[in-house]
Amino acid sequence: MVRTFLVTLPQCLSSFLSLPGHGNHKEDSPFLNSNDASAKQNDYYDRNLALFEEELDIRPKVSSLLSRLVNYTNITQGAKEHEEAESAEGSRRKIPKSPSMGTLMGVYLPCLQNIFGVILFLRLTWIVGTAGVVQSFLIVLMCCSCTMLTAISMSAIATNGVVPAGGAYFMISRSLGPEFGGAVGLCFYLGTTFAAAMYILGAIEIFLTYIIPAAAIFRPSDAHGGDSAMLNNMRVYGTICLSLMALVVFVGVRYVNKFASLFLACVIISIVSIYAGAIKSIFHPPEFPICMLGNRTLVRDMFDVCGKTVVSGNTTIPTKLWENFCTSGNTSNPQCDEYFAQNNVTEIQGIPGLASGIIRENMWSAYLEKGEILEKESLTSVDVRGSLENLYMYVSADIATSFTVLVGIFFPSATGIMAGSNRSGDLKDAQKSIPVGTILAITTTSLVYFSSVVLFGACIEGVVLRDKFGDAVSKNLVVGTLSWPSPWVIVIGSFFSTVGAGLQSLTGAPRLLQAIAKDNIIPFLRVVLLTVDPSSCRCQVFGHGKSNGEPTWALLLTALIAELGILIASLDMVAPILSMFFLMCYLFVNLACAVQTLLRTPNWRPRFRYYHWALSFLGMSMCLALMFISSWYYAIVAMGIAGMIYKYIEYQGAEKEWGDGIRGLSLSAARYALLRLEAGPPHTKNWRPQLLVLLKLDEDLHVKYPRLLTFASQLKAGKGLTIVGSVIQGNYLESYGETQAAEQAIKNMMEIEKVKGFCQVVVATKVREGIAHLIQSCGLGGMKHNTVVMGWPYGWRQSEDPRAWKTFINTVRCTTAAHLALMVPKNVSFYPSNHERFTDGHIDVWWIVHDGGMLMLLPFLLKQHKVWKKCKMRIFTVAQMDDNSIQMKKDLATFLYQLRIEAEVEVVEMHDSDISAYTYERTLMMEQRSQMLRQMRLSSAERDREAQLVKDRHSMIRMGMPFLERGLSTQHSNVRRMHTAVKLNEVIVNKSHDARLVLLNMPGPPKNPNGDENYMEFLEVLTEGLERVLLVRGGGREVITIYS
């Protein structure tokens, strides 16, 4: 029991705190947790497994694992659980029941209910009349093919393991990573939210146009103000309807679920009535006459009799139609509209029937501009313009139409294919039911759409089909005129189905947002109220209010966004918006399947076998094409929203690791790139310093000199390779935890200093050995470091322990042997931070010997950073007495011009001079100090031996032995080196005392290790009096070129 408590407590705490970086525990752990302590005790004390008993706590027995898998249930936070929580019994803890829903009830019927919607009843007849049967067939084929291919990809992903709540969002995020998952999840959420707005607008359009037109609040002020009045009515009633629906969803999801079957029954009855009406029209077409003036279609509810005059007794009386077109009621001397006067009024059948052959006229498109009058081409007409004041009498187009516009309006009627995958937790066999149910549902709906296109084109007159609101048939729903037994069957059925679909969208969208927020990958969702249920150790982000976890705040946000769609007030404007978001979601479902298939990751083992990466790419291409076909500007906006969310999540640092395909794709791309780099060393034009930064840690494992990382970030500016290495002295078996802590400390410091790179900590018995290992083994393949950055061993003079400076010199020798460049920033604590800015000053380069051009390249790279950007570059070179300094300056200026580097050039002449007394004094001090340190490190016996050697040496000198010459030559060499260091330091300090940074050639260490202490002294003298110095040693190859 103790062990179980230790495991569950951190999980509970992490849920309370919602710390970033904590993934879903069910996904992270390789085995399912069990709270059965006795089972674990049995694991520990099994005689037959005594060989493994020490590891049975982390590697359970196979029998234990299988028993946990069998008892595992995946009850999602779906509608059923919320419904139970609302009931009185739901407050008591229940034993979870096994999912029992089959393919029909769990997938097929929910998909049918979500796919069939408002477009079928309100817009499909108009689409057929405008685009013609052929192009309408093509529109349906494109949309249904897109969803079918998406369903195949979705089936493959859904059957590759358990899909918890979240549906499409879960599949995409776990397949493509948190960035894509968050971006597409929010797009899917927005699409579902705008779908709710579209369904509400459809319901209000049915209510105000076909059920109770008298309920309109706003009335047209004149004959031409009908459109604006209708839009205002839609806004008012839409807002009221949205508020009522949101209230219903807030009160309880169970009410929505209880009426779901009723709404589905309405849809099915409505569709059946259409087929029944089409069959009946063969024998007895319904009576819906249309009044035509010439070849123009008249609004039928503006008059009673379709004629200019009627005969009452022996008197010819003008009709109401006459009165609308003529100013005088006298038929003998009329003042009528010119078009009305020259054309006859005729009446044609609105529903000729299936056997009429009307399909021949409806085969081809008849796209209209906004305000263009609906005309029947087969009727004769005198082509005169007529009065503009009488345009309200004709049926006209309310929007400009084209093939692309109709694609965007129709596509929402093909969405809804994710309903089955969203219920995976309630399915008895999700991996079988989801593919079968979804593909059968798409097949069924596609057949209904295809047959409806043909039936509408074959049964209904073309001008009636193009009449969006049924003005020509006395404000009847056009598809209702075909239905049997009454148009009211369609009107009532479509009204309730759209209301039900709107409720389903308002129910699903907040839960989708809640699922995204729970994953904790989008930081701005955290700022909204956070509630935690301590009893179940479950945190609910964006879900404050009810005890059962109803996402109240998410519902409020959903209602506000849906209100934006309501304010648009046009079904034809809202439909393309949600088309974009759904197409974006389907595109990434296809991409996820294709990426997983091509990568062939070991975990990609879907039970659904009838998929292929080519089909997924075809589906992805179709989604992208449909986005730009339907509305290119909406497509750009939708992609821009998804892109901004992606970059936001990436910038904030999505620390989730879900084993996604993008990570696998990155590994494959990295492997390919590394193999390409292995072909050979980079060309001089591509050479840039790939850094290995050697850091020193203090006793508390904190970075001792963080400004080394600052300098590295300023030099690299995020480009190329940076490896930060450190060495811990000790035994690896005992120091593993210390290594992990050191790595974390370095990574934290790298994040603070904005260094993008990798960290590697090595444990070694000696620090110098660890550094040698880092220099040799860091990097992979062609992606290896070519430059080492290390700090200066401060306080080496005062230290009795010579290991610090010996390690330093040993590292210099190792880099030389490995042909690597070396940079040693001296006085690194005085180097600027990333927040400082140098508004003036110089970067001085003292080019004494040529070692590949590093000294020229480094200032150029530093000046790319904002800290050093405004500094100017000066290059100094040293001329001897026998050099032509004037010619040297010209040659150097030409060289810099060819290198495309802007810098001031100066040649410093160093005259031959006698060695000064100061030089002798510094040399003597150096040698005396070396002798003293050597004496301090000797034991008493060794001191006596050393004293005897000194006596012997003096006796040899008196005897004139050859040792004298050898000693003098060594002393003379030290004096000459010290002379060079002193003279160079005088010149450098004189010229560069006010420079922001001085870059200087670093001399190599002596070949004889006995002179190492003297070498350190030479470097100290060389850099004395300078605030910031960067000692640079090339790697033996050219790193800069004059060629393009």
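What you are looking at is a predicted structure, and each value in this text was computed from that prediction instead of being measured. (Residues numbered from 1 in each chain as written. Predicted model: local features only at pLDDT ≥ 70, side-chain atom pairs only at ≥ 80, totals over all residues. Heavy atoms only, no water.)

Novice: Even after reading the chapter, I still don't get the overall build of the chain, so can you show me in this structure?
Specialist: Across its full length, the chain carries 36 helices and 17 strands. Taking all 1044 residues of the chain together, 50% fall into the buried category. Look at the contacts in the chain between residues 6 or more apart in sequence, and 80% of them connect residues 24 or more apart. If you sum the accessible surface of the chain, you get close to 50,100 Å²; carbon and sulfur atoms cover 58% of it. (Helix = DSSP H or I, 4+ residues; strand = E, 2+ residues; numbered from the N terminus. Buried < 20%, exposed > 50% of the residue type's maximum accessible area, 1.4 Å probe, protein only. Contact = heavy atoms within 4.5 Å. Areas by Shrake-Rupley, 256 points an atom, 1.4 Å probe, with all protein chains shown as cover.)

Novice: Please explain the sheet that holds strand 16 (residues 997–1001) as it appears in this structure.
Specialist: Hydrogen bonds between backbone groups are what pair the strands of a sheet, and the pairing can be parallel or antiparallel. Here we have 10 strands laid out as an open sheet, ordered 10-9-8-11-12-17-16-13-14-15, and mixed in their pairing. Across the chains shown, the open sheet's two edge strands, defined by having one partner strand only, are strand 10 (758–764) and strand 15 (904–909). With direction set aside, neighbouring strand axes in the sheet form an average angle of 20°. As defined by bridge partners, strand 11 (residues 787–790) adjoins strand 12 (residues 821–826) across 3 bridges and the pair is classed as parallel. By the bridge assignment, valine 788 is partnered in strand 12 with leucine 822. (Pairing = 2+ DSSP bridges. Axes fitted to C-alpha atoms, helices over the stretch in contact; angles between N-to-C directions.)

Novice: Teacher, can you tell me more about the packing of aromatic side chains here?
Specialist: Any two aromatic rings considered together are summarised by their centre-to-centre distance and by the angle between their planes. All chains considered together, the criterion is met by 28 aromatic pairs. Here the aromatic rings of tryptophan 322 and phenylalanine 340 are separated by 6.0 Å at their centres, their planes lie at 85°, and the arrangement is edge-to-face. Of this pair, tryptophan 322 sits in helix 14 (residues 320–325) while phenylalanine 340 is found in helix 15 (residues 338–342), placing the two residues 18 residues apart along the sequence. By the burial criterion, tryptophan 322 is buried, and phenylalanine 340 matches it. Centroid distance phenylalanine 495 to phenylalanine 496: 5.6 Å. Interplanar angle 75°. Geometry classified as edge-to-face. Judged by its relative accessible area of 37%, phenylalanine 496 falls in the partly exposed class. Ring-pair connections join several aromatic residues into one group, and the members of that group are Trp322, Phe325, Tyr339, Phe340 and Tyr394. In this structure, arginine 296 packs its charged tip against the face of tyrosine 394, placed 5.1 Å from the ring centre. Stacked on the ring of tryptophan 126, the Lys or Arg lysine 468 has its end atom at 4.2 Å from the ring centre. (Phe/Tyr/Trp six-rings, centres within 6.5 Å; stacked < 30°, edge-to-face > 60°. Lys NZ or Arg CZ within 6 Å of the ring centre and 35° of its normal.)

Novice: Help me understand the nonpolar core in this model?
Specialist: Inside soluble globular proteins, nonpolar side chains tend to come together where they are buried. Counting residues in hydrophobic clusters, the biggest one holds 166 residues, and the most contacted among them are Met198, Phe410, Met418, Tyr449, Phe456, Ile460 and Phe588. The element best represented in this core is helix 10 (residues 178–211), accounting for 22 residues. With residues up to four places along the chain from it excluded, the contact list for phenylalanine 456 reads Leu124, Thr125, Val128, Ile274, Asn362, Leu465, Val479 and Leu482. (Core = buried A, V, L, I, M, F, W, Y, C linked by side-chain atoms within 4.5 Å.)

Novice: Looking at this structure, how should I read the state of the cysteines?
Specialist: Covalent bonding between the sulfur atoms of two cysteines defines a disulfide. Scanning the entire structure with this criterion turns up 2 disulfides. Bridging cysteine 326 to cysteine 336, the disulfide has an S-S length of 1.7 Å. Disulfide cysteine 326-cysteine 336: the torsion about the S-S bond is 105°, which places it as right-handed. Within this pair, whereas cysteine 326 is found in the loop between helix 14 and helix 15, its partner cysteine 336 is found in the loop between helix 14 and helix 15, the two being separated by 10 residues in sequence. (Disulfide = S-S within 2.5 Å.)

Novice: Is there a simple way to think about unusual backbone geometry in this case?
Specialist: Negative phi is the rule for most residues except glycine; trans is the rule for most peptide bonds. In the segment running from tryptophan 484 into proline 485, the intervening peptide bond is cis, with an omega of 10°. Mapped onto the secondary structure, proline 485 falls in the loop between helix 20 (478–482) and helix 21 (487–518). Of note, the phi angle at leucine 701 is positive, near 60°, even though the residue is not glycine. Inspection of the secondary structure puts leucine 701 in the loop between strand 8 (691–695) and helix 27 (707–716). Of note in the backbone geometry, arginine 900 takes a positive phi value of approximately 60° without being a glycine. Note on arginine 900: relative accessible area 54%, which makes it exposed.

Novice: Mind showing me how you'd approach the pattern of salt bridges here?
Specialist: Side chains that differ in charge, positive against negative, can pair when their charged atoms come close. Taken as a whole and judged by the stated rule, the model has 14 salt bridges. We note a salt bridge from glutamate 375 to arginine 296, for which the minimum N-O separation is 3.9 Å. Residue glutamate 375 is found in the loop between strand 5 (345–349) and helix 16 (403–410), and its partner arginine 296 is found in strand 2 (residues 296–297); the two are separated by 79 residues along the sequence. Given the relative accessible area of 36%, glutamate 375 is considered partly exposed. A salt bridge links glutamate 347 to arginine 300, with the shortest nitrogen-to-oxygen separation between them at 3.7 Å. Linking glutamate 347 in strand 5 with arginine 300 in the loop between strand 2 and strand 3 (309–312), this pair joins segments that are 47 residues apart in sequence. A cluster of three or more residues bridged by salt bridges with shared partners is formed by Arg123, Glu205, Asp398, Lys468 and Asp572. (Salt bridge = Lys/Arg side-chain N within 4 Å of Asp/Glu carboxyl O.)

Novice: Any chance you could explain the packing of helix 8 (residues 124–158) against helix 18 (residues 430–459) here in plain terms?
Specialist: Two packed helices can be described by the angle between their axes and the distance between those axes. Running from amino to carboxyl end, helix 8 crosses helix 18 at an angle of 175°, the nearest separation of the two axes being 9 Å. Of the possible angle classes, the one that applies to helix 8 and helix 18 is roughly antiparallel. Per-class residue counts for the contact of helix 8 with helix 18 are 20 nonpolar, 9 polar and no charged. (Parallel < 35°, antiparallel > 145°, perpendicular 65-115°, else oblique. Nonpolar A, V, L, I, M, F, W, Y, C, P; charged D, E, K, R; others polar.)

Novice: How should I be thinking about the side chain of serine 153 in this particular structure?
Specialist: Tracing the backbone shows serine 153 in helix 8. Residue classification places serine 153 among the buried positions, given a relative accessible area of 1%. In this structure, serine 153 is in contact with Val589, Asn590, Cys593 and Ser616, ignoring residues within four places of it in sequence.

Novice: In this structure, what is going on with the confidence of the model for the chain? I would like to understand it.
Specialist: If pLDDT is low for a region, its predicted coordinates should not be looked at in detail. On average, residues of the chain carry a pLDDT of 79, and 77% of them reach 70 or more. Below a pLDDT of 50 lies the segment residues 1–45, which in the model reaches 54 contacts outside its immediate sequence neighbourhood of four places, other chains included. Confidence drops under pLDDT 50 across residues 953–970; counting only partners more than four residues distant or on other chains, this segment forms 3 contacts. (pLDDT = per-residue confidence, 0-100.)

Novice: Explanation requested: a nonpolar patch on the surface in the structure shown.
Specialist: Side chains of Leu247, Val248, Phe250, Val251, Tyr255, Phe259 and Leu262 sit close together on the surface and give an oily, nonpolar patch of about 600 Å² of accessible area. Mapping leucine 247 onto the fold places it in helix 11 (residues 226–251). Judged by its relative accessible area of 48%, leucine 247 falls in the partly exposed class. (Patch = residues over 30% accessible without salt bridge, like charges linked within 9 Å, V, L, I, M, F, W, Y side chains within 5 Å.)

Novice: How should I be thinking about helix 30 (residues 803–817) in this particular structure?
Specialist: In an α-helix, one turn spans 3.6 residues; hence positions three or four apart end up facing the same way. Here helix 30 contains 15 residues, and its C-alpha end-to-end distance of 20 Å stays within 8% of the 21 Å for a straight helix at 1.5 Å per residue. For helix 30, every residue scored as buried is listed here: Trp805, Thr807, Phe808, Ile809, Thr811, Val812 and Thr815. Considering only its buried residues, helix 30 is in contact with strand 8, helix 29 (767–777), strand 11, strand 12, helix 36 (1012–1022) and strand 17 (1029–1033). Positive backbone phi, approximately 60°, marks histidine 819, located one or two places after helix 30. (Expected span 1.5 Å × (residues − 1).)

Novice: Hey, could you run me through the side chain of serine 497 in this one?
Specialist: Looking at the secondary structure, you find serine 497 in helix 21. Here the side chain of serine 497 touches serine 494 through a polar contact of 2.9 Å, landing on its backbone oxygen. Once residues lying within four places of it in the same chain are set aside, the contact partners of serine 497 are Phe121, Phe263 and Val267. (Polar contact = N/O pair within 3.5 Å; in protein donor to acceptor, adjacent residues only side chain to side chain.)

Novice: What's the story with the sheet that holds strand 1 (residues 289–293) in this structure? I'm lost.
Specialist: The strand order 2-1-5 describes an open sheet built from 3 strands, whose pairing is antiparallel. Each end of this open sheet is capped by a strand with a single partner; those strands are strand 2 and strand 5.

Novice: What is the right way to read the environment of phenylalanine 403 from this model?
Specialist: Topologically, phenylalanine 403 is positioned in helix 16. Residues phenylalanine 403 and serine 365 lie 38 residues apart in sequence; the distance between their C-alpha atoms is 9.0 Å. Discounting residues that sit within four places of it in the chain, phenylalanine 403 has contacts with Gln135, Leu138, Ile139, Met142, Tyr367 and Ile629.

Novice: How should helix 24 (residues 613–630) be read in this particular structure?
Specialist: Taking 1.5 Å per residue as the helical rise, helix 24 with its 18 residues ought to reach 26 Å, and the 26 Å between its terminal C-alpha atoms agrees with that figure. On its buried face, helix 24 is in contact with helix 8, helix 16, helix 23 (571–599) and helix 25 (632–652).

Novice: Mind showing me how you'd approach the pairing of strand 13 (residues 842–847) here?
Specialist: Looking along a regular strand, one sees the side chains alternate between the two faces of the sheet. Most of strand 13 sits out of view: 5 of its 6 residues are buried. Relative to strand 14 (residues 872–879), strand 13 runs parallel, the two sharing 6 bridges. Within the sheet, the bridge partner assigned to tryptophan 846 lies in strand 14 and is phenylalanine 876. Handedness of the strand 13-helix 31 (residues 854–862)-strand 14 crossover: right-handed. (Right-handed = clockwise from strand over helix to strand, strands pointing away.)

Novice: Would you mind going over the environment of threonine 601 with me for this structure?
Specialist: In this fold, threonine 601 is placed in the loop between helix 23 and helix 24. Accessibility expressed as a relative area gives 23% for threonine 601, which makes it partly exposed. Sequence separation between threonine 601 and leucine 665 is 64 residues, and the spatial gap between their C-alpha atoms is 9.8 Å.

Novice: Whenever I open this one, the environment of alanine 246 confuses me. Can you help?
Specialist: Position of alanine 246 among the secondary structure elements: in helix 11. The buried category is assigned to alanine 246, whose relative accessible area is 14%. For the pair alanine 246 and leucine 555, spaced 309 residues apart in the sequence, the C-alpha separation amounts to 7.4 Å.

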